[in-house]
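Results of the structural survey
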Amino acid sequence: MQGYGVHLLFHALAVLCGAALGIAGTVWWAGGNPPVLWAALAALLLGIVVLVVQGRQLAAEPRPRRTAPGSRPRPGTRPELAATAIRDPDDRWRG
């Protein structure tokens, strides 16, 4: 889970850009003030840039390899004891 802090930072920046866009858009809608419209558009563009950079960062992270479904140990088993496991049910009575 490398880069999780960076991932959270990108989320926080996207939320801040969304909040700024919402507030500026509401103020512009209510009052028709042109500079606030420019602030809303700037917040929208900044939010899009943040999401694009986050997408590129996630695409650049190495992903863990998936193994074949049959190769994973079942829950509750201990693979390190597989060599000493009883192969034949009758072996446990033979000593």
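Our subject in this report is the structure included herewith. (Residues numbered from 1 in each chain as written. Predicted model: local features only at pLDDT ≥ 70, side-chain atom pairs only at ≥ 80, totals over all residues. Heavy atoms only, no water.)

Our next topic: the overall build of the protein chain. Along the protein chain, the regular secondary structure elements total three helices and zero strands. Start at the N end of the protein chain and walk to the C end: the helices and strands fall as α-α-α. A buried classification covers 9% of the 95 residues belonging to the protein chain. By sequence separation, contacts in the protein chain at least 24 residues apart represent 52% of the contacts at least 6 residues apart. Surface summary for the protein chain: the accessible area is close to 8200 Å², and the carbon and sulfur share equals 67%. (Helix = DSSP H or I, 4+ residues; strand = E, 2+ residues; numbered from the N terminus. Buried < 20%, exposed > 50% of the residue type's maximum accessible area, 1.4 Å probe, protein only. Contact = heavy atoms within 4.5 Å. Areas by Shrake-Rupley, 256 points an atom, 1.4 Å probe, with all protein chains shown as cover.)

Here we come to the packing of aromatic side chains. Taken as a whole and judged by the stated rule, the model has one aromatic pair. Relative to Trp29, the ring of Trp28 lies with its centre 6.1 Å away and its plane at 65°, an arrangement referred to as edge-to-face. Classification of Trp28 as partly exposed rests on a relative accessible area of 29%. A relative accessible area of 71% means that Trp29 is categorised as exposed. (Phe/Tyr/Trp six-rings, centres within 6.5 Å; stacked < 30°, edge-to-face > 60°.)

Right, let's get into the environment of Ala14. By secondary structure assignment, the location of Ala14 is in helix H1 (residues 4-31). Residues Ala14 and Val50, 36 residues apart in the sequence, show an inter-C-alpha distance of 6.4 Å. Setting aside residues up to four positions removed in sequence, Ala14 forms contacts with Val50 and Leu51.

The next subject is the environment of Leu16. Its place among the elements puts Leu16 in helix H1. Assessed through its relative accessible area of 58%, Leu16 is described here as exposed. Sequence-wise, Leu16 and Gly47 are 31 residues apart; in three dimensions their C-alpha atoms are separated by 8.3 Å.

The next subject is a nonpolar patch on the surface. A contiguous nonpolar patch, built from Leu21, Trp38, Leu41, Leu44, Leu45, Ile48 and Val52 and spanning about 660 Å² of accessible area, is present on the exposed surface. No other element matches helix H2 (residues 34-60), which puts six residues into the nonpolar patch. On the basis of relative accessibility, which here comes to 37%, the residue Leu41 falls in the partly exposed class. (Patch = residues over 30% accessible without salt bridge, like charges linked within 9 Å, V, L, I, M, F, W, Y side chains within 5 Å. Salt bridge = Lys/Arg side-chain N within 4 Å of Asp/Glu carboxyl O.)

Right, let's get into H1. Its 28 residues place the ends of H1 41 Å apart at the C-alpha level, agreeing with the 40 Å of an ideal helix rising 1.5 Å per residue. Buried residues belonging to H1 abut H2. Following H1 by one or two positions, Gly32 adopts a phi angle in the positive range, close to 70°. (Expected span 1.5 Å × (residues − 1).)

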